[in-house]
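Results of the structural survey
Listed below are the residues making up each chain.
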Amino acid sequence: MKRFFLFLFVIVLISSCKSNQVTAPSIQGMIYNDNNEPVSDVRIHIDNKQVAISDIYGHFALSHLDYGETYTLSFIKENYESVKIDLSYLNHTQVIYVHMFSAKELLAKAKDKVKQKDYNEALALLERSSNTGGNFLSINYLTSVIYYIKKDHEKALKIAQEILNLGYKD
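Residues numbered from 1 in each chain as written. Predicted model: local features only at pLDDT ≥ 70, side-chain atom pairs only at ≥ 80, totals over all residues. Heavy atoms only, no water.

**Quick look at the packing of aromatic side chains**
Just so we agree on the cut-off: The pairing test for Phe, Tyr and Trp rings, Trp by its six-membered ring, is centres within 6.5 Å, and the orientation test on the planes gives stacked under 30 degrees, edge-to-face over 60, and tilted for anything in between. We count a stretch as a helix when DSSP gives it H or I for four or more residues in a row; a strand needs E for two or more, and each element gets its number in order from the N terminus. Throughout this description, buried means an accessible area under 20% of the type-specific maximum (1.4 Å probe, protein chains only), exposed means over 50%, and partly exposed covers the range between.
Overall, the coordinates contain two aromatic pairs when judged by the stated rule. Where Tyr67 meets Tyr89, the ring centres are 5.0 Å apart and the plane angle is 10°; that geometry is what we call stacked. Taken as a pair, Tyr67 in the loop between β4 (59-63) and β5 (70-76) and Tyr89 in the loop between β6 (83-88) and β7 (95-99) lie far apart in primary sequence, 22 residues in all. Relative accessible area serves as the criterion here: at 49%, Tyr67 is assigned to the partly exposed category.

**Points about the pattern of salt bridges**
The test is simple: The salt bridge criterion pairs a side-chain nitrogen of Lys or Arg with a carboxyl oxygen of Asp or Glu, the two atoms within 4 Å.
Going through the model one piece at a time under the given rule, you end up with two salt bridges. Between Lys109 and Asp34 there is a salt bridge whose closest N-O contact spans 3.5 Å. Taken together, the residues Lys109 in helix α2 (residues 103-115) and Asp34 in the loop between β1 (26-32) and β2 (43-46) connect sequence positions 75 residues apart. We classify Lys109 as partly exposed; its relative accessible area is 28%. For Asp34, a relative accessible area of 28% translates into the label partly exposed. Salt-bridge contacts for Glu81 lead to Arg128; the nearest nitrogen and oxygen are separated by 2.7 Å. Taken as a pair, Glu81 in the loop between β5 and β6 and Arg128 in helix α3 (residues 119-131) lie far apart in primary sequence, 47 residues in all.

Below is the structure:
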């Protein structure tokens, strides 16, 4: 009988130790836009599997990561430029800051580059805005204007014609 109680005591002791296990460490992060405002509802993927979504403050946490491992993180939100980073998990105090640009922000940056007469950078920003689902008319109109300024009238006319073919008259 003593052995039974000893056995029962050991089982209770072991099971109570398991219930007090420390949860897996996590990495905290923040996603913000060009104006340093939080970006909510960003889907966070590790190695192409969704593992988290940013909250209204742009915060997120990643847990169950293995020390010393490298992970590919992707940050995805509609009308925002996707961000992909490789992260080596070195300790639980790591903090990730992710800067995401919206299609509108990229378009505004392109307009600024046109004012500065940096047309090649403006075209690159317009392409990035287009890839994020930016406003077709604004992007293509500004692209046409840049080609006109650069005296590439054939490209400018081709883009303007595409705009007209889609029914835009303004």
